[in-house]
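# What the coordinates show
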Amino acid sequence: MLSLVTAAEQQYRYDTAARDRELALLASIRERRLAEAMFAEAPVRLAPRAAWARPIGVRLERAEVCTTTCAIA
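Below is a summary of the structure that appears in this document.

### Description of the overall build of the protein chain
The helix and strand tally for the protein chain stands at two helices and zero strands. Within the protein chain, the fraction of its 73 residues that count as buried is 3%.

In structure tokens, the structure reads:
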């Protein structure tokens, strides 16, 4: 009789752990989908351009102005 109770307890613990893992997996999937949906709806904001110092007396045409990516490279 004691072995039946022990087996039933072990089966219960196994089933409970499996159910908890499945619920955690479903929760993480739901959170990820929610985060992706929020990211897709968020407006894209561009970083403001940094004002780069130029040597005195140098004048650049508008087409020749270097962006921050050009200055970094």
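There is more to say after this.
### A closer look at a nonpolar patch on the surface
Among the surface-exposed residues, Leu-23, Leu-25, Leu-26 and Ile-29 lie close enough to one another that they form a single nonpolar patch of about 370 Å² accessible area. Note on placement: Leu-23 falls in helix H1 (residues 2–41).

### Quick word on the pattern of salt bridges
Summed over all chains, the structure comprises two salt bridges. The salt bridge involving Asp-20 is made with Arg-19; its shortest N-O contact spans 4.0 Å. Arg-19 gets classed as partly exposed once you look at its relative accessible area, which sits at 46%. In this structure, Glu-36 and Arg-32 form a salt bridge, with 3.3 Å as the shortest nitrogen-oxygen distance.

Rules used throughout
Residues numbered from 1 in each chain as written. Predicted model: local features only at pLDDT ≥ 70, side-chain atom pairs only at ≥ 80, totals over all residues. Heavy atoms only, no water. Helix = DSSP H or I, 4+ residues; strand = E, 2+ residues; numbered from the N terminus. Buried < 20%, exposed > 50% of the residue type's maximum accessible area, 1.4 Å probe, protein only. Patch = residues over 30% accessible without salt bridge, like charges linked within 9 Å, V, L, I, M, F, W, Y side chains within 5 Å. Areas by Shrake-Rupley, 256 points an atom, 1.4 Å probe, with all protein chains shown as cover. Salt bridge = Lys/Arg side-chain N within 4 Å of Asp/Glu carboxyl O.

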